Amino acid sequence: KKICVIGLGYIGLPTASVFAKAGYDVLGVDVNKRVVDLLNKGEIHIEEIGLPEMVREVVAAGNLKASVTPEKADVFIIAVPTPIHEDYTANVDYVKDATKAIVPFIEKGNVVIVESTIPPRTMDDVVAPILAEAGIDPYNDVYLAHCPERVLPGRILIELIENTRIVGGITPEAATKAGDVYRAVVTGDVIETEAVTAEMSKLMENTFRDVNIALANELAKISARLGVNAHHVIELANKHPRVNIHLPGPGVGGHCLAVDPYFIIEKAQAESPLIAESRRINNSMPDFVVEQIGRLTAELKNPVLAVCGLTYKGNIDDVRESPAIEIAEKLLADSRYDVRIHDPHVRDEQVPFKLTTLEEAAKDAHLLVILVDHTEFKLMDEGKLTENMKTPVIFDTRNCLKVADDTKLTVHRIGDLT
Ligand code: SAJ
């Protein structure tokens, strides 16, 4: 069986690799020639645990090839980004372009799957009509389905295999045929439903998490006002069997949680005030962190700050929508501060400012701010790290450092600032 995967990003590339590893003949397609050339050499342009080894193996075995143009296949999987417009509506142009790109290669009986996250009704109102216009009956000629990806960056290769998959067919037969594609490689359940239900359930998963994080972030702010330790409150409240307060932090980033809720708001604005307010709360966290840094350094004339971590979460190299970037930019724009920035997972060309080593960042610093819970930071020897600091003070916005009680260090956390 031949599978053509359109889009070789964080989802498409691992997906193509997993099918190739299972023995399928896979063609990965991307508009970026550099990505295609790299892949044909067995190399990759993104960071994900286990992926370099897997890609090298399947490319060497001849099961995965890459090209800038699609070819005929039994199954087409579209995994392209859905960015957001300035007005917070979804930009589904890449999904449209990818659909148009495969149209000349589609034959009767093919399975066409969209994995990209899309606003509710996009399969019925946008994708199906593109096929229809090209003379392909989306309900009878092909098996068209939405199968949202649900993998967690950092655990993609595990979750691609083990997670439950939701397959939303544009017809019940399409759901079954598309479901069979995943049943061949997935050990989790494969559940069939209608396209719009699949679209909505994917969006609600990420919205659920975003709203819950907003609640935790609101608690952090309330705690700062009232002089309560939010982390203790969370620890105790979460002893209740039906309570699971999330972790407050410097904000919500990434291309999923910080974006997907808007796809629901766009389609039902009057009915989604809670979702919209949660977005506002999470978006306000970078300002809250900058304010707290101001308070922690209020006594100093020219505070030197060591800012550690830029990615949107730990142990990945993805800086999309990262609140840490926003915080770094705000600090850099404030002439009161001397700011040094370090992230072991980020390369200079990914960000609009210069990066330093951890040692350079910490040297003579008054405050070290942890914005991301990379393992490198969690494992670091705080004594060694702070020995060259002017004052051994850390602001751990991720509550990720385990600091011994007898340490000379002062550690502030986002949930225990009073
Ligand atoms: N965060 C907090 N507090 C928390 C949990 C997370 O501040 O308690 C922050 C993180 O630091 C990060 C952001 O939220 O900035 C998002 O991180 P995440 O680990 O929650 O999720 P993503 O965006 O990496 O991946 C999510 C996952 N969705 C869910 O867990 C419901 C993943 O399964 C999806 O496949 C992915 O979105 C996606 O592609 O939609």
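Just so we're clear, the structure is a prediction, and the values are computed from it rather than from any experiment.

Analysis parameters
- Residues numbered from 1 in each chain as written.
- Predicted model: local features only at pLDDT ≥ 70, side-chain atom pairs only at ≥ 80, totals over all residues.
- Helix = DSSP H or I, 4+ residues; strand = E, 2+ residues; numbered from the N terminus.
- Rg over C-alpha atoms; globule rule 2.2 N^0.38 Å.
- Buried ≥ 20, exposed ≤ 12 C-beta atoms within 10 Å, placed from the backbone.
- Near = placed C-beta within 6 Å.
- Nonpolar A, V, L, I, M, F, W, Y, C, P; charged D, E, K, R; others polar.
- Domains from an automatic or database assignment.
- Contact = placed C-beta atoms within 7 Å.
- Right-handed = clockwise from strand over helix to strand, strands pointing away.
- Pairing = 2+ DSSP bridges.
- Axes fitted to C-alpha atoms, helices over the stretch in contact; angles between N-to-C directions.
- UniProt positions renumbered as here; feature names shortened; annotations may be inferred.

### Some thoughts on the overall build of the protein
Then, in step 1: Scanning the protein from terminus to terminus reveals 16 helices and 13 strands.
Then, in step 2: Relative to its length of 418 residues, the protein is compact, with a C-alpha radius of gyration of 23 Å against a globular reference of 22 Å.
Then, in step 3: Looking at the 418 residues of the protein, the share that counts as buried comes to 46%.

### A look at the site of the ligand
Then, in step 1: Inspection of the region around the ligand gives 20 residues, with His 246, Leu 247, Gly 249, Gly 254 and Cys 256 positioned closest.
Then, in step 2: When the residues that make up the shell around the ligand are grouped by side-chain class, the tally is nine nonpolar, six polar and five charged.
Then, in step 3: Lining the shell around the ligand are residues from two domains, each supplying at least three of them: domain 1 (2-202) and domain 2 (227-418).

### Describing the environment of Lys 72
Then, in step 1: Within the element layout of this structure, Lys 72 appears in the loop between β3 (64-67) and β4 (75-78).
Then, in step 2: Along the sequence, Lys 72 and Asp 137 sit 65 residues apart, while their C-alpha atoms lie 18 Å from each other.
Then, in step 3: Lys 72 has contacts with Phe 105 and Glu 107, leaving out every residue within four places of it along the chain.

### Looking at the pairing of strand β1 (residues 2-6)
Then, in step 1: Of all the five residues making up β1, four are buried; the element is thus mostly covered by neighbouring parts of the structure.
Then, in step 2: In terms of handedness, the path from β1 via helix α1 (residues 12-21) over to strand β2 (residues 25-29) forms a crossover that is right-handed.

### Some points on the domain arrangement of the protein
Then, in step 1: When the domains of the protein are assigned, the result is domain 1 (2-202) and domain 2 (227-418).
Then, in step 2: Relative to domain 2, the C-alpha centre of domain 1 lies at a distance of 34 Å.
Then, in step 3: In terms of residue class, the side of domain 1 that touches domain 2 is made up of six nonpolar, three polar and one charged.

### Digging into the sheet that holds strand β13 (residues 410-413)
Then, in step 1: Read from one edge of the open sheet, five strands run β10-β9-β11-β12-β13, paired in parallel fashion. The open sheet has two edge strands with one neighbour each: β10 (338-342) and β13. The mean angle between the axes of side-by-side strands here comes to 20°, regardless of whether they run parallel or antiparallel.
Then, in step 2: Relative to β10, strand β9 (residues 304-308) runs parallel, the two being bridged by five bridges. Across the sheet, the residue bridging to Val 307 is Ile 341, located in β10.

### Thoughts on the pairing of β9
Then, in step 1: The buried fraction of β9 is high, at five of five residues.
Then, in step 2: Where burial is concerned, the two faces of β9 agree: the one with Val 304, Ala 306 and Cys 308 and the one with Leu 305 and Val 307 are both buried.
Then, in step 3: Strand direction decides the pairing type here: β9 and strand β11 (residues 367-370), joined by four bridges, are parallel. Pairing of Cys 308 across the sheet is with Ile 370, part of β11.

### As for the sheet that holds β4
Then, in step 1: If you walk across this open sheet you meet the eight strands as β3-β2-β1-β4-β5-β6-β7-β8, and the pairing is mixed. Because the sheet does not close on itself, it has two edges, and the strands there are β3 and β8 (190-194). Pairs of neighbouring strands in the sheet enclose a mean axial angle of 25°, with direction left out of account.
Then, in step 2: Examined bridge by bridge, strand β6 (residues 143-146) and strand β7 (residues 165-169) share two bridges and lie antiparallel to one another. Bridge pairing in β7 places His 146 opposite Gly 168.
Then, in step 3: Packed onto the sheet, helix α2 (residues 33-40) meets β2 and β3 and runs at close to 155° relative to β3.

### Observations concerning the UniProt feature "domain: UDP-glucose/GDP-mannose dehydrogenase C-terminal" (unreviewed entry) in the protein
Then, in step 1: UniProt records the feature "domain: UDP-glucose/GDP-mannose dehydrogenase C-terminal" (unreviewed entry) at residues 306-403, using the numbering of this structure.
Then, in step 2: Between the first and last C-alpha atoms of residues 306-403 the distance is 18 Å; the span itself is 24% helix and 16% strand.

### Things to note about unusual backbone geometry
Then, in step 1: A positive phi angle is found at Tyr 88, which is not glycine, with a value near 65°.
Then, in step 2: Summarising the element assignment, Tyr 88 is placed in the loop between β4 and α4 (93-102).
Then, in step 3: Of note, Asn 315 is a non-glycine position whose phi angle comes to about 60°, a positive value.
Then, in step 4: Following the sequence through the fold, Asn 315 ends up in the loop between β9 and α13 (323-332).
Then, in step 5: For Asn 315, a count of 18 C-beta atoms within 10 Å gives the class partly exposed.

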